[in-house]
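Each chain, letter by letter, is given below.
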Amino acid sequence: MLQDLWFDPAKCLIGGEWVAPSGGATLPLFDPSTGEEIGAIARGGAADIDAAVASATAAWQGAWGRTPAAERGRILTALGRLVAEKVDVLARIEAADVGKPLKQARADALALARYLEFYGGAADKLHGDTIPYLDGYTVYTLREPHGVTGHIVPWNYPMQIIGRSVGAALATGNACVLKPAEDACLTALAFADLARQVGLPEGALNVVPGLGSEAGAALTAHPGVHHISFTGSVATGAMVQEAAARNVVPVTLELGGKSPQIVFEDADLEAALPFLVNAGIQNCGQTCSASSRILVQRKLYEQLAEFMGARYAALRVGRAVDDLDAGPLISAKQKGLVEGFLARGEGLEIAGQAQLGDLPDGGYYVAPTLFSGVAPDHTLAQDEVFGPVQVIIPFDDEAEAVQIANGTDYGLVAGVWTRDGARQMRMAKAIRAGQVFLNNYGAGGGVELPFGGIGKSGHGREKGFEALYGFTTLKTVAAFHG
Ligand code: TXE
């Protein structure tokens, strides 16, 4: 087992206590960098979810529900500080668990700390309105927590996604049941234990690791859960929404994308180039907002393909601890999925590809690959690969750029590179996406910036103040006093 762990990951954290899952079952834990089995995690099931929901209900109706907003904020702020102190250990745990290069894992831990700082500060600044109404009435609104919130988190950015979802839910007074991904539950458990250490009341945050089809399905179908936030695949997101619909429970879905960066011939190429490649290979391409399509105005096409191709050829891939440009993928399953896409790219021109050096045989590595001249309707230009694979697509004019950019089922984010201010404004309006970046991509991932998709990228908004609205329900109070 990993040296850095100070807890037993074969247990769940329910009601402030470490408890073995009811059947005592475990799942194997693999190091993606080597493929070696390095331990075991809890395989929680329906009975554990029942216990976690009961404990969250008691917290929401009890100590946590009575905690004033300012005090909730203080607890989250203290938790953010503790996370920041533990950045190195959290990064090492994450790197071993998900194969992320250490620097990127560290950035995730710092982002988690920043979410807690932001939502800690916001907790006592969310309020309702007074509404002018008929003579003799005073009308006001109250923003109240949903109650028990369920959080189903994927494996690609566990710490960041926990920060944006659990952070906002706790800030608004909800009690949470968190089901981390079976491939990445260690930092979720670590986080919940740190929360306990700073005095989060028992039951306010419960973590039940396990399979999606068992613990995940039990959580989404549970009648005691009042809101579900899910990040993952489109297919699973649809199942989550169906299950929640049976209990008429609201859901927030973040389901990834096929996000473009659109490069016009007047773009500042020097500024754009690092973003064009990094946004495709960060976290080995396993990023919901990865930019997997590069749309280039035809005049620049050859030059850009050459520049980007050279960057690809220089990329270094290694174990998480080697801390290079890219690590392994999360799992053998994900490696198989990405290799399937690469096979479907056979016959296409490869503008650049990283060389895999001397890597552990069992690790889940694939060579980052850039395809050029890809038709907009090709599977590589339509479907989410979730691996270090980008395509370059040429276009002639603005109208065609918009048509290609909007021509997938997804709509999460997009980047536009042009010096023409009027065109920037037109493109920002024309693109169907939850976030549009003008002359940048990702805007540094700011926790303040509302984030979410349209179309198959999902619905609802996370991050920023917007998330606080999503984790509350609005009550209107109309008082008649004559
Ligand atoms: O996703 P799943 P997987 C996409 C990406 C990737 C593909 C498959 O394209 O290649 O999904 O990844 C839980 N009820 N994204 O199989 O199944 C599961 O335990 C409730 C994009 O890992 O969606 C995990 O915690 N929960 C994405 C979470 O859902 C269930 C991030 C995600 O797993 C469940 C990850 C069920 N029936 C993958 N089945 C993004 N938007 O960033 C599974 N889960």
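Residues numbered from 1 in each chain as written. Predicted model: local features only at pLDDT ≥ 70, side-chain atom pairs only at ≥ 80, totals over all residues. Heavy atoms only, no water.

- In the annotation of an unreviewed UniProt entry, the entry for the protein reads Aldehyde dehydrogenase, and the organism field reads Pseudooceanicola atlanticus.
- Per UniProt, the comment on the protein under Sequence similarities (unreviewed entry) is "Belongs to the aldehyde dehydrogenase family." (UniProt positions renumbered as here; feature names shortened; annotations may be inferred.)

### What to know about the pairing of strand β6 (residues 137-145)
Next, step 1: Of the pairings in the sheet, the one linking strand β5 (residues 130-131) to β6 comprises 2 bridges and is antiparallel in character. From the neighbouring strand, T130 faces β6, where its bridge partner is Y140.
Next, step 2: Joining the antiparallel neighbours β5 and β6 is a turn of 5 residues, in which G136 adopts a positive phi near 90 degrees.
Next, step 3: For β6 and strand β20 (residues 472-480), the ladder comprises 9 bridges, and the chain directions are antiparallel. Directly across from R143, in β20, lies its bridge partner L474. (Pairing = 2+ DSSP bridges. Helix = DSSP H or I, 4+ residues; strand = E, 2+ residues; numbered from the N terminus.)

### A look at the UniProt feature "active site" (unreviewed entry) in the protein
Next, step 1: The feature "active site" (unreviewed entry), as given by UniProt, occupies E254 in the numbering adopted here.
Next, step 2: Mapped onto the elements, E254 comes out in strand β11 (residues 251-254).
Next, step 3: Taking relative accessible area as the criterion, E254 reaches 1% and is therefore assigned buried.
Next, step 4: Once you skip the residues sitting within four places of it in the chain, E254 turns out to touch R164, F230, T231, G232, C288, L412, F451, S457 and E462.
Next, step 5: There is a polar contact of 2.9 Å between the side chain of E254 and the side chain of R164. (Buried < 20%, exposed > 50% of the residue type's maximum accessible area, 1.4 Å probe, protein only. Contact = heavy atoms within 4.5 Å. Polar contact = N/O pair within 3.5 Å; in protein donor to acceptor, adjacent residues only side chain to side chain.)

### Some thoughts on the packing of helix α1 (residues 46-61) against helix α8 (residues 212-221)
Next, step 1: Closest axis-to-axis distance for the α1/α8 pair is 8 Å, and the angle between their directions is 40 degrees. Considering the angle they form, α1 stands oblique to α8. Crossing geometry of α1 relative to α8 is assigned as right-handed. Listed contacts from α8 to A46, I49 and V53 of α1 are A215, A218 and L219.
Next, step 2: Of the residues belonging to the contact of α1 with α8, the class tally is 6 nonpolar, no polar and no charged. (Axes fitted to C-alpha atoms, helices over the stretch in contact; angles between N-to-C directions. Parallel < 35°, antiparallel > 145°, perpendicular 65-115°, else oblique. Left-handed = near helix turned anticlockwise from the far one by under 90°. Nonpolar A, V, L, I, M, F, W, Y, C, P; charged D, E, K, R; others polar.)

### Details of the layout of surface pockets
Next, step 1: Taken as a whole, the largest pocket encloses approximately 1,300 Å³ of empty space.
Next, step 2: Lining the largest pocket are 50 residues, and of these W155, G232, S233, T236 and K333 lie nearest its centre.
Next, step 3: Among the elements of the structure, β3 (26-31), α8, β10 (227-231), α9 (234-246) and α12 (332-344) are those that each provide at least two residues to the lining of the largest pocket.
Next, step 4: Of all the elements, α9 adds the most residues to the lining of the largest pocket, at 6 residues.
Next, step 5: The residue makeup of the lining of the largest pocket, split by class, is 27 nonpolar, 13 polar and 10 charged.
Next, step 6: Residue contributions to the lining of the largest pocket reach at least three from each of two domains, namely domain 1 (2-255 + 459-477) and domain 2 (259-447).
Next, step 7: Considering only enclosed or pocket space, the second largest pocket measures out at about 1,000 Å³ in volume.
Next, step 8: Those elements that place two or more of their residues in the lining of the second largest pocket are α5 (102-122), α6 (158-171), α10 (269-281), α11 (298-314) and β18 (435-438).
Next, step 9: At 7 residues, α5 tops the list of elements feeding residues into the lining of the second largest pocket. (1 Å grid on protein atoms, 1.4 Å probe; cavity = no way out; pocket = protein on both sides within 12 Å on 5 of 7 lines; lining within 4 Å. Points joined across faces, edges and corners; volume = space filled by probe spheres on them. Domains from an automatic or database assignment.)

### Some details on the packing of α10 against α11
Next, step 1: The N-to-C vectors of α10 and α11 enclose an angle of 55 degrees; their axes lie 10 Å apart at closest approach. On the basis of their axis angle, the class for α10 and α11 is oblique. You can see that α10 and α11 cross each other, and the crossing is right-handed. In this structure, α10 uses L269, L273, P274, L276, V277 and I281 to contact α11, whose residues at the interface are L300, Q303, L304, F307, M308, R311 and Y312.
Next, step 2: Considered class by class, the residues forming the contact of α10 with α11 number 11 nonpolar, 1 polar and 1 charged.

### Comments concerning the pattern of salt bridges
Next, step 1: All chains considered together, the criterion is met by 24 salt bridges.
Next, step 2: Taking the shortest distance from any N to any O, the salt bridge between D193 and R196 comes out at 2.8 Å. Of this pair, D193 and R196 are both found in helix α7 (residues 186-197), 3 residues apart, which corresponds to roughly one turn of the helix.
Next, step 3: Residue class for D193 comes out buried when judged on its relative accessible area of 3%.
Next, step 4: According to the relative accessible area criterion, R196 is partly exposed, its value standing at 35%.
Next, step 5: When the shortest N-O distance is used, the salt bridge between R419 and D268 registers 3.9 Å. One end of the pair, R419, is in the loop between β17 (413-417) and α15 (421-430); the other, D268, is in the loop between β12 (259-263) and α10, with 151 residues separating them in the sequence.
Next, step 6: A relative accessible area of 56% places R419 in the exposed class.
Next, step 7: One network of salt bridges, in which partners are shared, links D266, E398, R423 and R426. (Salt bridge = Lys/Arg side-chain N within 4 Å of Asp/Glu carboxyl O.)

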